[in-house]
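# Chains, contacts and geometry: an overview
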Amino acid sequence: MTGAGHTTIRSMPTRSENIQGTLSAAVAVLPGDGIGPEVIEHTLETLREMELGLDFDVLDQVSAHRYLRTGEAITDAEIDRIRACSAVLLGAVGDPVVRNPDYARGVLLRLRAEFDLYVNYRPVRLLHDRLSPLRDPRHRSIDLAVVRENTEGLYAGVGGGLRARTSQEVAVDTEITTAYGVRRVLDFAFSSARRRVCLVDKANAVPFGGALWQRLWHEAQARYPHITVSHEYVDAAAMKLVADPTYFEVIVTNNSYGDILSDLTAQLAGGLGAAGSANLNPETGFSLYEPVHGSAPDIAGKGVANPIGALLSAGLMLERLHRGGAARALAQAVRSVVGDGICTPDLGGTCSTREVAEGVRARLLWG
Ligand code: NAD
Ligand code: IPM
Ligand code: MN
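Quick caveat, the model's predicted, so the values are computed rather than measured. (Residues numbered from 1 in each chain as written. Chains lettered and ligands numbered in written order. Predicted model: local features only at pLDDT ≥ 70, side-chain atom pairs only at ≥ 80, totals over all residues. Heavy atoms only, no water.)

### Comments concerning the overall build of the protein chain
Tallying secondary structure elements over the protein chain gives 11 helices and 12 strands in all. A compact globule built from 367 residues would reach a C-alpha radius of gyration of about 21 Å, and the protein chain, at 20 Å, matches this within 12%. With the C-alpha coordinates of the protein chain rotated into their principal frame, the extents come out at 55 × 50 × 45 Å. In the protein chain, the share of contacts with a sequence separation of at least 24, taken over all contacts with a separation of at least 6, comes to 77%. Carbon together with sulfur atoms contributes 53% to the accessible area of the protein chain, which is approximately 15300 Å² in total. Averaging the locations of the 37 positively and 43 negatively charged side chains of the protein chain gives two centres separated by 4 Å. (Helix = DSSP H or I, 4+ residues; strand = E, 2+ residues; numbered from the N terminus. Rg over C-alpha atoms; globule rule 2.2 N^0.38 Å. Contact = heavy atoms within 4.5 Å. Areas by Shrake-Rupley, 256 points an atom, 1.4 Å probe, with all protein chains shown as cover. Lys, Arg positive; Asp, Glu negative; His and termini not counted. Charge placed at Lys NZ, Arg CZ, Asp CG, Glu CD.)

Shown next, in the form of structure tokens:
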């Protein structure tokens with residue numbers, strides 16, 4: 001992570017240089033549901049104004065309402081359109097009208113699986129001192145990243161049931177841990193860290209997957225002797241994140257603990273609405289960017305959704321698409337609006353989504 005650019009993915013390893021050197025790149029955009037379209041509208045407006053040579057293919061038909069009508073989460077033709085792009089920008093999927101988990105699984109988890117986006121990179125950096133829920137100023141220099149394994153664990157969809165709709169009903173979700181999956185995400189975590197990596201697991205209670213993570217963790221340390229390591233069980237990690245988040249730099253963990261801890265770290269650094277994320281495959285270079293938050297049905301349609309999480313996700317995308325100057329300018333503009341108190345209610349302000357996004361655009365000094 002470099003100076004002004006808190007959207008920078010620290011020395012992100014990649015073997016794919018296919019985008020480098022080309023001027024234009026296509027981005028598939030899935031606004032999704034709830035506040036997704038609201039924050040994506042302003043993010044697109046910002047990216048268009050920056051004239052970055054990006055083309056956008058907007059797939060706004062992918063929504064919970066279409067799923068209700070047709071039973072389709074995302075079609076194969078839509079997957080092909082996405083495949084033709086260099087990256088995906090997604091708002092959020094999910095709506096109270098759809099209770100069936102097949103919808104979120106059919107869109108977001110399918111994209112993660114289909115494009116083998118095995119790293120979910122969720123950086124947080126405190127945007128302004130006043131936003132920290134931690135009173136002690138020594139504990140405020142929060143600048144960490146959760147590296148979440150993104151393709152297996154409890155999310156693999158392996159399981160089943162017995163004796164459906166009887167009083168003896170059984171449901172099983174199997175946690176999948178593969179050596180291949182763990183080794184590659186550990187390598188990403190180590191190579192993206194400057195100094196410290198912490199493994200978070202529950203190896204004291206989850207014996208088989210826990211032991212595999214532990215063994216590969218020890219093997220990985222030998223490949224990165226300059227990195228200081230620590231290990232925490234997930235319950236203690238949650239406590240330590242609140243007690244002193246400055247203790248952490250890169251946290252590497254499985255799919256479900258990464259999901260939970262990244263909402264916690266987002267709130268520590270100012271708010272869930274202000275956290276961005278990248279779903280990455282460093283080998284193929286294909287990637288999907290989305291705010292950490294969901295579709296927030298409780299505030300959808302009110303014009304008050306915080307657009308910062310989506311904007312910082314777009315910043316991570318710009319970094320990846322070799323537009324690092326633009327990414328740093330965007331990050332700086334975001335810090336500047338927050339510094340000036342131009343914030344939505346979740347960050348203690350009174351501004352609308354549009355006012356925050358316009359404030360960011362007005363502060364974009366670059367190029
Ligand atoms: P959520 O993240 O949508 O909302 C949690 C709380 O944070 C709510 O009170 C909400 O108002 C607030 N919040 C979230 N984003 C905000 C923003 N940008 N500005 C201001 N406040 C914001 O989580 P949830 O309520 O558990 O889930 C709602 C739906 O979103 C569910 O269907 C869930 O499955 C889905 N979801 C989708 C994604 C995704 O697509 N990446 C991520 C998380 C949840
Ligand atoms: C996230 C979301 C998703 C997840 C849901 C919507 C399936 O919470 O991206 O963090 O759990 O991965
Ligand atoms: Mn989540």
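### Here's the deal with the site of ligand 2
In the vicinity of ligand 2, the residues found are L108, R112, R122, R148, Y155, D259 and E290. One nitrogen or oxygen atom from the side chain of R112 is found 2.7 Å from an oxygen atom belonging to ligand 2. Between ligand 2 and the protein, one listed contact pairs an oxygen atom with a side-chain N or O atom of R148 at 2.7 Å. Taking 320 Å² as the accessible area of ligand 2 by itself, protein coverage stands at 76%. Of the pockets mapped on this structure, ligand 2 occupies the largest pocket. A per-class count over the shell around ligand 2 returns two nonpolar, no polar and five charged. (Near = heavy atom within 4 Å. Polar contact = N/O pair within 3.5 Å; in protein donor to acceptor, adjacent residues only side chain to side chain. 1 Å grid on protein atoms, 1.4 Å probe; cavity = no way out; pocket = protein on both sides within 12 Å on 5 of 7 lines; lining within 4 Å. Sits in = over half its atoms within 2 Å of the grid points. Nonpolar A, V, L, I, M, F, W, Y, C, P; charged D, E, K, R; others polar.)

### A look at the layout of surface pockets
Rolled over the atoms, a probe as big as a water molecule pinpoints where empty space is left. Taken as a whole, the largest pocket holds about 390 Å³ of empty space. Lining of the largest pocket is provided by 21 residues; of these, V93, L108, D259, V292 and G294 occupy positions nearest its centre. Breaking the lining of the largest pocket down by element, the ones donating at least two residues are β3 (87-92), α4 (102-114), α8 (255-268) and β12 (287-291). Tallying contributions element by element places α4 first for the lining of the largest pocket, with five residues. Residues of the lining of the largest pocket, tallied by class, amount to 11 nonpolar, three polar and seven charged. Of the residues that make up the lining of the largest pocket, three or more belong to each of domain 1 (1-116 + 276-367) and domain 2 (133-268). (Points joined across faces, edges and corners; volume = space filled by probe spheres on them. Domains from an automatic or database assignment.)

### Quick notes on unusual backbone geometry
Not every positive phi belongs to a glycine, and A296 is a case in point at roughly 40°. Structurally, the position occupied by A296 is in the loop between β12 and α9 (308-320). Even without glycine at this site, H322 takes up a positive phi of about 60°. Relative to the helices and strands, H322 resides in the loop between α9 and α10 (324-339). Take H322: its relative accessible area is 37%, and that puts it in the partly exposed class. (Buried < 20%, exposed > 50% of the residue type's maximum accessible area, 1.4 Å probe, protein only.)

### What about the environment of T228?
Note on placement: T228 falls in strand β9 (residues 228-233). What makes T228 partly exposed here is its relative accessible area of 48%. For T228 and F190, which are 38 residues apart along the polypeptide, the C-alpha to C-alpha distance reads 9.7 Å. Those residues within four positions of T228 in sequence are excluded, and the remaining contacts are R195, R196 and V197.

### Observations concerning the nonpolar core
Within the largest apolar cluster, 88 residues are counted, with the highest numbers of intra-cluster contacts made by L54, V147, V197, V252, I308, M317 and L318. Each of domain 1 (1-116 + 276-367) and domain 2 (133-268) gives at least three residues to this core. If you look at the next biggest cluster of nonpolar residues, it comprises 23 residues, including L30, Y103, L117 and L288. (Core = buried A, V, L, I, M, F, W, Y, C linked by side-chain atoms within 4.5 Å.)

### A closer look at α4
Under the 1.5 Å per step criterion, the end-to-end length of α4 is only 15 Å for 13 residues, more than 12% shorter than the ideal 18 Å. A maximum bend of about 30° is found in α4 at L108. Of all the residues in α4, the buried ones are Y103, G106, V107, L108, L109, L111 and R112. Once α4 ends, the next one or two residues include D116, with phi positive near 50°. (Expected span 1.5 Å × (residues − 1). Bend = angle between axes of the 7 residues up to and from the residue.)

### Examining the site of ligand 1
In the region of ligand 1, 20 residues are neighbours, and V93, E290, G294, A296 and D298 sit closest. Taken together, the residues of the shell around ligand 1 sort by class into 10 nonpolar, six polar and four charged.

### Regarding the domain arrangement of the protein chain
You'll often see interface size given as the accessible area lost when the parts meet. What the domain assignment reports for the protein chain is domain 1 (1-116 + 276-367) and domain 2 (133-268). The C-alpha-based centres of domain 1 and domain 2 are spaced at 24 Å. Between domain 1 and domain 2, the contact holds 14 residues from the first and 19 residues from the second. Taken over both partners, the interface formed by domain 1 and domain 2 buries close to 1200 Å², and the fraction arising from carbon and sulfur atoms is 47%. Applying the counting criterion to the domain 1 and domain 2 interface returns one salt bridge. Of the charged contacts, one joins D116 and R184 as a salt bridge, the two residues approaching to 2.7 Å between their closest N and O atoms. Those elements giving two or more residues to the side of domain 1 that touches domain 2 turn out to be α4 and β11 (276-280). The dominant element in the side of domain 1 that touches domain 2, judged by the number of residues it contributes, is α4, at three residues. Of the residues assigned to the side of domain 1 that touches domain 2, the class counts are eight nonpolar, two polar and four charged. (Buried area = accessible area lost by both parts, 1.4 Å probe. Salt bridge = Lys/Arg side-chain N within 4 Å of Asp/Glu carboxyl O.)

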